[in-house]
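Chain by chain, the residues:
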Amino acid sequence: MKLLAFADLHLDVPFAWADHRTARIRRANLRRALENIVRLAQTESVDYLLSAGDLFEHERIGPDTIEFLRATLGGSGIPTFLAPGNHDWFGPESPYARSGWGTNVRIFTEDHLVPEELADGVTLWGAAHRVPANTDDFFAGFHVDRAGVNLALLHASETSALPWQPEGKRPHAPFDAAEIATAGVDFALLGHYHYPSEGNRYAYMGNPDPLEFGEVGQRGAVLVTISGSGRIELSRRSVAVSRVHDITVNLDAPRHRDEVAEAVRAAVGGLDGSVRVTLCGELSSGVELHLPELSEVAPHLDALVVRTRDLSVAYDLDALAKEPTVRGQFVRDANEQVADAATRRRVILTGLRALDGRRDLEAL
Amino acid sequence: MNVLGGPNEAGKSSWHAAIRAAITGVKRGRGRPSVSDSHFDDLHRPWNNPDEWKVEARLVLDDGRAIDMMQDLAGKVASRATDIALGRDVSTEIIHDGSPDASRWLGLDREAFAATICVEQDEILAIARRETADLLQQYLQRAAASRATDATAAEAIERLDEFRRTSVGTDHVASKGPLRQSRVRLETARAQLQQAQNQHAGYMVLMAQSDQARTAHAHAANQVGALEALLADREAKGLRARADRAFLLSQRYPGPPVGAVARSELADRVAAAVSGWKNRPVLTVLTGPAADEIDAKLHELPTHPVGDLRPEPAVISDHDELIAAEKALGLLGERPALLEALPSGSLTEAEVRSLANDLRAELPEIGENARQRLDLARERAESLERRRWLEPMGLLLLLVVAAVGVAIGVPAATAFALLVGVAVAYRMIREGHRRNAARHELHAAEADVEPVRVARSIAEARRAEALSRARQANLPTEPEAVTSLADELGDQTLRQRAAAEWDSRHTEASRQCVAARDRLRESLAARRGVVEGRSEEECYEHYVADCDARANQAVESAQADALRAALEARRQAEASAKADADRLTEAEAALRSVAAEACGESRQSPDELVGLLETWQRTRGASAAETDQAMSDWHELQALLEGSTLGDLQHRAQAAEGHATELSVGIEPQWPPAVEHGSAVQLSRLRAVEGDLLRTVMALETRRDALAGAMVNVAEAEEEALWAELELERIDGLATVVDTTTRLLTSAQERVHRDIAPVIAASMRSHIAAVTEGRYTDVAVDPADLGIGVKEARTGQWRLARLLSGGTREQIYLLLRAVMARHLVTTDETAPLLLDEVTAQSDAARSMELMRTLLSLSSERQIIVFTHDEAVVTWAEANLAPPQHRVFRLPPLDDRAGQ
């Protein structure tokens, strides 16, 4: 038996870093990723297609996306199981509660694990988040009631992996990995953590199409093969449409902004899709750096986001602080009176630029 | 002091540049060189061998070290500084921007060195010009600010203020600045996000409601279909039973029964009447609206409308854009009003404000204690001075007495006179000490008040000069009035800037409005929504109202199909009921007729009459019974056929069975228990319910689809709100940074000026008399703006240095250079001064004065002067003696080429 599982597509998610055009492209790419998943399922002739939650964002999903989902999944003809997560939680007003999904689409709507027999001796247990937060452990007090291969399809948080998740990630439906075996489940296909990972009895598929810069790991869909003996094998497949790159450009004291632009241009020249460039290193004191302008140096990209991190400016602050001048006094006062390091750095740069007679006083 | 003289084209400027380059080197780094480096390269790189461009110099530091500097100006990689005694490369001590920079030993860098140590010809020229006299003060301010020539601290603060006005602005409601605008943008974005979320929540509810209504309608439609199928099946079965019975009777009686002629005609009628009554139809009571009522209602329904049922999304979008554009235009508010022309002449705000400050210059007063001490000291000194002749006169008198005593031979008188004389002499000496003490006390008291007098004199001079300037410019002379004028000028400038910005924004916003209006009109025209003579907004409202009306009309017209079906069913039910009633009436009339004839009774109930007639039949005998049965069957057959043929009846039964089969398709086998015993009445009621549900579904779906077309994308609204939030955060942070910077810079300026003013004054004081040949004897520096005052020896009056003659300003400027060079150097080293053609624009007398100034300054630092002026070289040869001083004559380049 072959199953294709995915999770955390997050259709209609906002992209806060992008402009309207880019954000629309990225949201369209999420749809294309789902189409890739369906095509992959057809190519691999899988028996079932499984979604482990956060297929879309309940608070944001638009009518067009609902129709797209129903047409794509219902029209595929592939038997499909959907387990709602915390972002696409099941409720009376949920798109999941609407008709028109197609007879091949089965949605888990209970807040506890319920069985669906996939084949003789193979059972899929699934459950739904019915509220957007505070969903309890699905495995607590649960045990399968039958023999054979028992799989679970869930949106839940394996607690030992929480510290490695991005800041702000909340532990919805938390559970301990050991509970899977205790519950008699042979393998759990999970959503919620976007970072792809695997344990002895579980796998997080990860978001199929990039949602953030800096994502690593082989994310996408997971092809699950169950042999006649009950042996389970996983194979990860990429289905992403968006190309996202997160690179660092180390500046070696360029003396004017064209050199900075050239350095950025050279770094992103061979890339495509969306790129985030982090500028670090040292900048000559005379450079007038304007990040929005830098974002336009690579028109072949869908988007170019430029930011700075620990970018120092080539002022010899120790020497300046010794000067018996207003400038020296200013640097000394700033060092003494401005406690926050980032603010102090900006204050000093702003003051020095003003004393240099410059008009670009906004220090980054 | 070193003087290097030579004619033009002797390479003096190259020497000057070479010394500077040898000391500081040039910046080494990747990328394009700076403007000043490019300029240096263009001027001084050798033409014939550009890759061999080096310069060397030997420096002697105050600690005695001798350093060989070698600067590789072409490759910039082989530059080094070598300690001659140790033979060691000491470049690492002074590396700056990739090259050894010996000015680091002074605590400077190559930029500060160029601004402090090197004096160019054009700087002196600028200082000497009357219209640029303020440069003297600005130089001092700039040097105090950053040791460079970029900006004074005051200019930096002004630049920060300007930057804050344009990049942050105020947070007043009426403000058009970025801070306020970003706050407005955030509020607008949050409101739009809230609206989008509300719309989205409303849409989800409507979607659920319409879905539920659609499900309920499907359920009702299924019930209607099931009941229709049930009734059709029932009718088909009845017809089939009739047809089967008719077929059986027709087989038995192909024609009228034999013996019918002999049969009693009365018995026939009795049999027919009894059979007719027993097979009478069951009457149905119809409820609900009659066919005529339904027909009337059907005629009242409107037709399906032509046109949009809900506003086209493109039209809504264009309207939204017009609203947004008009809102943006409205946010601009009124154009900032300008003030009437101000009587400031050609003076700028800064100049008028400077004038006001000068007019307002406070006159320092001598303290009461100091004044009393001075008066007492003066009185005491004068008193002692007045009595200083008494003792000498007494002593002289005693000497005369003593001489007379000796002459007349009276030794006692002589001895007495000598004794008294000794006493007087002792007193005279003591009085002398007292007078000296009084004079010292007077000097000390005068020294105490002298700085105040100096400051007062400078302030008076500033005020007098300011009065003169104000009168020349036809301005008021009261400081408050001038300050007010400066404020008005500042206000006017801000207003003009705001008005220009308003004009620009207004033009752009108006253009956006017109474009949005055109787009809306076009999209309305495409949807036939334009009404001639009405504005786009009116047309849009009219179009939306029309859409609503059409949507309502569509909902109403959609009822027609359901009503037509109901009408047809009602008509069939009414016709069937009427036929049944007619047949019942006929059967009862026939029964009563034959009962009256056969039994003489007709008023009893039909069932009682049937009993009487059946009794009558039984009494007629067995023979007649067969005939009667045959006749009864025959009449039953005729009743079953109802005037038609057996084939017609069988065909009708077959058609009814087909119809029932057709209606039963899709009906669940067990469906639905509620309609098992249904009737036409129940069917009519169910159809009404189904029609109501269909209307509900259509109304909900119309609202849902209309909302879907007008919904703002929640994700995009969130993105807009996030961007607005980030922009406000950026501007808030920028305001904090700029405000902190301005505060710290202002504080630093005040502190440094306060510290540096007495240092500069003290340093210049020791040279001022020498460099001005005694015309000025003292120097004072105002901590407020580093304005320099000098005391005129002849009058004792204080003069503002910037108002002195060009030549004197040159001298004071060179003196300042030397003083600042000493002050700004942060190590124990002594900085030299490199001067290029500083006398180029001076006449002979001023040139000599400058050279005397430099000679005076050379007592404490090395001075290197490049000049083409033969008179200067001659003066140097006459006045500068080696080894302390050196004079070099540079031959023309052509001569050296010949050598």
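Starting from 1, residues in each chain are numbered consecutively following that chain's sequence as written. Starting at A for chains and at 1 for ligands, labels are handed out in the order in which the entities are written. Selection of residues for local features in this predicted model requires a pLDDT of at least 70, selection of side-chain atom pairs for listing and counting requires 80 or more, and totals for whole chains, interfaces and linings are taken over all residues. Each side-chain value is derived from all of the structure's non-hydrogen atoms; neither hydrogens nor water enter the calculation.

### Points about the overall build of chain A
Helix and strand content of chain A: eight helices and 17 strands. In chain A, which comprises 364 residues, the proportion classed as buried is 55%. Long-range pairs, those at least 24 residues apart, make up 68% of the contacts in chain A between residues at least 6 apart in sequence. When the accessible surface of chain A is totalled, it reaches about 14700 Å², and 47% of it is carbon and sulfur. In DSSP terms, a helix is any run of H or I states spanning at least four residues, a strand is any run of E spanning at least two, and both are numbered starting from the N terminus. Buried residues are those whose accessible area, probed at 1.4 Å on protein chains only, stays under 20% of the maximum for their type, while exposed residues exceed 50% and partly exposed ones sit between those limits. Any two residues having at least one pair of non-hydrogen atoms within 4.5 Å are treated as being in contact. In this description, accessible areas are obtained by the Shrake-Rupley approach with a 1.4 Å probe, and a residue is regarded as covered only by the protein chains that are shown.

### Things to note about the sheet that holds strand 9 (residues 776-781) of chain B
Within a sheet, neighbouring strands are paired by backbone hydrogen bonds and run either parallel or antiparallel to one another. Residue and element names in this part refer to chain B. Pairing between two strands requires that DSSP report at least two bridges joining them. Strands sit in the order 9-10-11 across an open sheet of three strands; the sheet is antiparallel. In the strand order of this sheet, the two ends are held by strand 9 and strand 11 (798-800), each with one partner. Between one strand axis and the next, the sheet turns through 30° on average, direction left out of account. For strand 9 and strand 10 (residues 788-792), the ladder comprises five bridges, and the chain directions are antiparallel. Looking at the pairing, Val779 lines up with Val790 of strand 10. For every element, the axis is a line fit to its C-alpha atoms; helices are fit only across the contacting stretch, and the angle between N-to-C directions ranges from 0 to 180 degrees. Packed on one face of the sheet, helix 14 (residues 411-472) meets strand 9, strand 10 and strand 11 and runs near 45° to strand 11. Against the sheet, helix 22 (residues 714-771) touches strand 9 and strand 10, its axis set at about 170° to strand 9.

### Details of a nonpolar patch on the surface
Each patch groups residues whose relative accessible area exceeds 30% and which form no salt bridge, using 9 Å between like charges and 5 Å between nonpolar side chains of Val, Leu, Ile, Met, Phe, Trp and Tyr. Salt-bridge detection follows one rule: a side-chain nitrogen of Lys or Arg within 4 Å of a carboxyl oxygen of Asp or Glu. A cluster of nonpolar residues, B:Leu396, B:Leu399, B:Val400, B:Val404, B:Ile408 and B:Val410, forms a patch on the protein surface that exposes about 520 Å² of accessible area. In this structure, B:Leu396 sits in helix 13 (residues 390-408).

### Things to note about the interface of chain A and chain B
Contacts between the two partners involve 57 residues from chain A and, on the opposite side, 57 residues from chain B. Here chain A and chain B share an interface that buries about 4800 Å² over both sides, 57% of which is from carbon and sulfur atoms. Summed over the shared surface of chain A and chain B, the number is seven salt bridges. The shortest N-O distance in the salt bridge between B:Glu716 and A:Arg24 comes to 2.5 Å. Under the rule applied, a polar contact is a pair of N or O atoms within 3.5 Å (in protein, one hydrogen donor and one hydrogen acceptor; residues adjacent in sequence only if both atoms are side-chain atoms). Between the two partners, chain A and chain B, sit 15 residue pairs in polar contact (both at pLDDT 80 or more). Elements with a minimum of two residues in the side of chain A that touches chain B: helix 1 (20-43), helix 2 (63-76), helix 4 (257-268), helix 7 (326-337) and helix 8 (341-355) of chain A. Throughout, the ten residues Ala, Val, Leu, Ile, Met, Phe, Trp, Tyr, Cys and Pro are labelled nonpolar, Asp, Glu, Lys and Arg are labelled charged, and all others, Gly among them, are labelled polar. Residue classes in the side of chain A that touches chain B are distributed as 23 nonpolar, 12 polar and 22 charged. Once two parts are joined, some of their accessible surface, as seen by a 1.4 Å probe, is lost; buried area is that loss totalled over both.

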